[in-house]
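Coordinate inspection notes
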Amino acid sequence: MFDLIVIGAGPAGLAGARTAAGKGLTVLVLDEQPRPGGQIYRDVERAAPLRGDILGKDYTAGLDLARGLDHAKITHVPAATVWQIEAGTNVFYTQDGVAREARGKRLLLATGALERPMPIPGWTLPGVMGAGAAQILLKQSGIVPERAVLAGAGPLLYLVAAQMVRMGAPPLALVETQTRSDFLRALKHLPGALAGWRYLLKGAGMLSELRRAGIPRYTGATRLRVEGGVQAEALSFRAGGTDRRLEAETVLLHHGVVPHVQAARSIGIPHRWHAGQNCFVPERGAGGRTVVETVYIAGDGAGIGGAKAAALAGRLAALHIAADLGALPETDRDREAAPLQAGLTAELAARPFLDAAYPPFAEALSPDDATIICRCEEVTAGDIRRYAGMGCLGPNQTKAFGRPGMGPCQGRYCGLSVTALLSEAHGAPPDATGYYRIRPPIKPVTLGELAALSKPKGKSE
Amino acid sequence: METDYAIIGGGVVGLSVAWGLLKRGRTVTVLDGEDGSFRASRGNFGLVWVQSKGMKQPRYARWSQQSAAAWADFAAELSDATGREMGLRQDGGYDLHFSEETLAKTVSEYEGLKEKLGGDYPFEVLGSNALRREEPNIGPSVVGAILHHQDGHTNPLKLLQALAEDVRRLGGHVINGKQVTGVDKTDLFRLTCADGTEVRARKTVLSAGLGAMVLGPAMGFKAPIRPQRGQVLITEKMPKIINRPSLVARQVDEGGIQIGATNEEVDFDDTVTQSALARLAADAVTAYPILARAQLVRSWGALRILSPDGLPIYQESPVMPGAYLVTCHSGVTLSAAHARFLPDWLEGNPDAPDLEVFSEARFS
Amino acid sequence: MKPAFRSTTLPGPTVRVTFEDEVLYLPDGENLAAAMLAAGIGVFRETPVSGAPRGPFCMMGACFDCLVEIDGTTRQACLTPVSDGLEIRKPRGPRDV
């Protein structure tokens, strides 16, 4: 049995693991990727020497964190897919086709974020992917799309565009959905945002880089739709009072990131709607402890804050876990936590401004009837509205009316959309509407792998 | 709001009864619960099953047969009205056996029941070679199976959806998100909900699944029901692997393989456990070894509503005449009977089925 | 027709794989989904529900649009490393007889 099992080797998990090990705890780090870094520092140990200058210092900062896994008390299991967590301490995962069980006195969920689903007509065509996905291709594999349009809202669009420019494959255009009034509404958060002036400066820097590279930008765009037969061929939209159509084989969509909640929800951690971030976030107390006593949660999976905030939150959680296990006196914990907490507050300062200045694309939150909402089962927005009209109040009932959320992704890319559509149809707040009930397996596991874990016939449960 | 029938519970039992009453020209209001309630109708296996029912009570076997025989026509009528297919297949179903002893024992039990049913119990025994001709993917550990020709399966969610739609189309009034907290009767029944909604009705049907544990006694029923958990697995969508259903596994109309189920006495706990998932997976792989490579994508736990002998309960309240308890754990199999035959009993028609064996008199 | 994606790194050692019986030489150990995209493959599968074409969408193992069948098991290409001799197929679903 380990003192601590960390699920996720992104910044929160890496920082948490290292801090915990530093306090003498035995730590198991389970991560789905073959090499550490999560998504934001994806494959950083391999990619930083190759592309670090293009990807920037924000990326290469992940190197130290990744190297932090090299510690006598840390066992890192890469390419491990966690599919069930039981009793807040038992973790079932598959590595290399073999299912295993690990036990920890405490768990730290550091499962990070997903791109917010952005259902627009044609978004399921091959060639359409998240801007984050394109960035992963760039970071890990050094491949760039040749004829791509970026669409949506948020600073990630600018970062990906800038990285593409530096790699010699400038995007054809940025089609941005945020409006001037979004910016004006965001200004009330500006004083707080100025505490995060580094972020704002960075953003401004990227925008001038894009300007120098001559990348066309459209803002206040509406009526976004991807056109194509078998694959994406163009993005059409309306901006500045004109209808436009940009031919592109690759359309990169992004309108924010949201916590990846599958693991947390699967063990019954309650979530609450966060209006500013337009997503559900897990309920947690000091140090990221959840209502499930042995389980802590840190990083973007607990609420979007970015990589630096995630690392700080991971360290904070580790301090609380160490104190909880008696390896660290509480006074020491509080003393070490104080600067981390202050750092975290500073890191999060710019978020309300950014969230308000780059809100989710309204049309994607309430798409046309014909737009697919559940990619796996091909259920449309119109279907969900129809279920609502038939008395369906919540997402779990929609599973009885259609099949949204029942495919392999288990609602990762439709959950928020279904909740939004039902909330809109019934005039109910998202907390009242609810979200899919998430059950194991949180990732697929073969029946053979699962069967191998069963006790032989005749033994008692 | 006044209606002929108020039906407490809008799952497969309540909606089937509502549909049948509407077809007879009655006015019906269905009070349905919350999105997060236990909702057994969303978690069941989808079998339309005759074999193994009523081994100790032939009347139950007969009731199941009557329902199975009426199912195709019922499904066709629902399909015509709603444009939806139920995915009904009635090509027979298996009881799979992994030892000659259990196979022989079950066959002899079935022979006994067949006699009591006057010979109307069409089953045959398939040895392993005959079974393999019918099911090419069956595993070597399966020594044989009993194939019962009256068994079948359907898509229970499509059934629910069609019933929900057609009940509304037929003029039924369905109100969702209602928790009935009180029922009293003067000359009419008055049902009161937690949010203050009131419904008045000439008659009331309590078909609220586990909700009857609380409401039942308040309405004069014994309602000796208890929850029993069944955990079920479902795989990714696959090419055709399994032709006929069994209690071990069936291939649903959408392509996934559904594997079940446990029988656990765990009170109101519908979570899934790793040990049960592993055991169900092991049993499925033993029966169909090709499933070893199939990816499990979902699991669920649902609570059956069980009476002490596992049989349905059909009872009129001794203290509130006109209030009826309708509860069972085979809501899908009995959906046709609840839609076609039970309304006659609720109406007190002369040609109503004799359901005395299902009354609460059997619980002393 | 030029592939939609271009590789910006010098090619390392490649290994021989097949996709639906078509021979490809992909960089050993590379992310399979990335390698297939760079090789010009945009459509990875057709959906079991309607037969619609799909390709990678999230690249982080969450969307399941990059599913391929390797050795009889359906896997996410974005979580699979390229290795010698992989026989990759589109996943077979209920629409296949």
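What counts as what
Residues numbered from 1 in each chain as written. Chains lettered and ligands numbered in written order. Predicted model: local features only at pLDDT ≥ 70, side-chain atom pairs only at ≥ 80, totals over all residues. Helix = DSSP H or I, 4+ residues; strand = E, 2+ residues; numbered from the N terminus. Rg over C-alpha atoms; globule rule 2.2 N^0.38 Å. Buried ≥ 20, exposed ≤ 12 C-beta atoms within 10 Å, placed from the backbone. Pairing = 2+ DSSP bridges. Contact = placed C-beta atoms within 7 Å. Axes fitted to C-alpha atoms, helices over the stretch in contact; angles between N-to-C directions. Expected span 1.5 Å × (residues − 1). Core = buried A, V, L, I, M, F, W, Y, C linked by C-beta atoms within 7 Å. Domains from an automatic or database assignment. Nonpolar A, V, L, I, M, F, W, Y, C, P; charged D, E, K, R; others polar.

This part covers the overall build of chain B. The number of helices and strands found in chain B is nine helices and 17 strands. Here the C-alpha radius of gyration of chain B, 21 Å, is about what a compact globule of 364 residues would show, namely 21 Å. Considering only C-alpha atoms, chain B reaches an extent of 65 × 45 × 40 Å along its principal axes. Counting over 364 residues, chain B shows a buried share of 55%.

Residues and elements named next belong to chain A. Pairing within the open sheet is parallel, and its five strands lie in the order β8-β16-β10-β11-β12. A strand with exactly one partner marks an edge of an open sheet, and here the two such strands are β8 (128-130) and β12 (217-218). Where strand β10 (residues 148-152) lies against strand β16 (residues 250-254), five bridges are found, and the strand directions are parallel. Each residue of the ladder has a partner; that of A148, found in β16, is T250. On the sheet, helix α6 (residues 155-166) packs against β10, β11 (173-176) and β16 and is oriented at approximately 165° with respect to β10.

Here the focus is helix α1 (residues 12-23) of chain B. Within an α-helix, residues lying three or four positions from one another point in the same direction, as the helix has 3.6 residues per turn. Residue and element names in this part refer to chain B. With twelve residues, α1 should reach 16 Å at 1.5 Å per residue; the first-to-last C-alpha distance of 16 Å fits that figure. Burial analysis of α1 places eleven of its twelve residues in the buried class, which makes it a mostly covered element. For α1, the full list of buried residues reads V12, V13, G14, L15, S16, V17, A18, W19, G20, L21 and L22. Following α1 by one or two positions, G25 adopts a phi angle in the positive range, close to 85°.

Residue and element names in this part refer to chain A. Taking strand neighbours across the sheet as the criterion, the three strands line up as β13-β14-β15 in an open arrangement whose pairing is antiparallel. Edge positions in the sheet fall to β13 (222-227) and β15 (242-247), since each of these pairs with one other strand and no more. Strand after strand, the sheet turns through a mean of 15° between neighbouring axes, direction not considered.

Now for the nonpolar core. Soluble globular proteins tend to pack their nonpolar side chains together in the buried interior. Residues V27 and A161 of chain A together with L206, A281 and A284 of chain B are the most contacted members of the largest nonpolar core, which totals 299 residues. Per-element tally for this core: the top contributor is helix α11 (residues 307-324) of chain A, with 13 residues. Dropping the residues within four chain positions of it, V27 of chain A is found in contact with F2, D3, L4, V6, A17, A20, A21, K73 and I74 of chain A.

Right, let's talk about the domain arrangement of chain A for a bit. The figure often quoted for interface size is the accessible area lost as the parts come together. All names here are of chain A. Structurally, chain A comprises domain 1 (2-114 + 258-328), domain 2 (126-255) and domain 3 (366-433). Here the C-alpha centroids of domain 1 and domain 3 sit 30 Å apart. Contact with domain 1, which involves six residues of that partner, is made by six residues of domain 3. Per-class residue counts for the side of domain 1 that touches domain 3 are four nonpolar, one polar and one charged.

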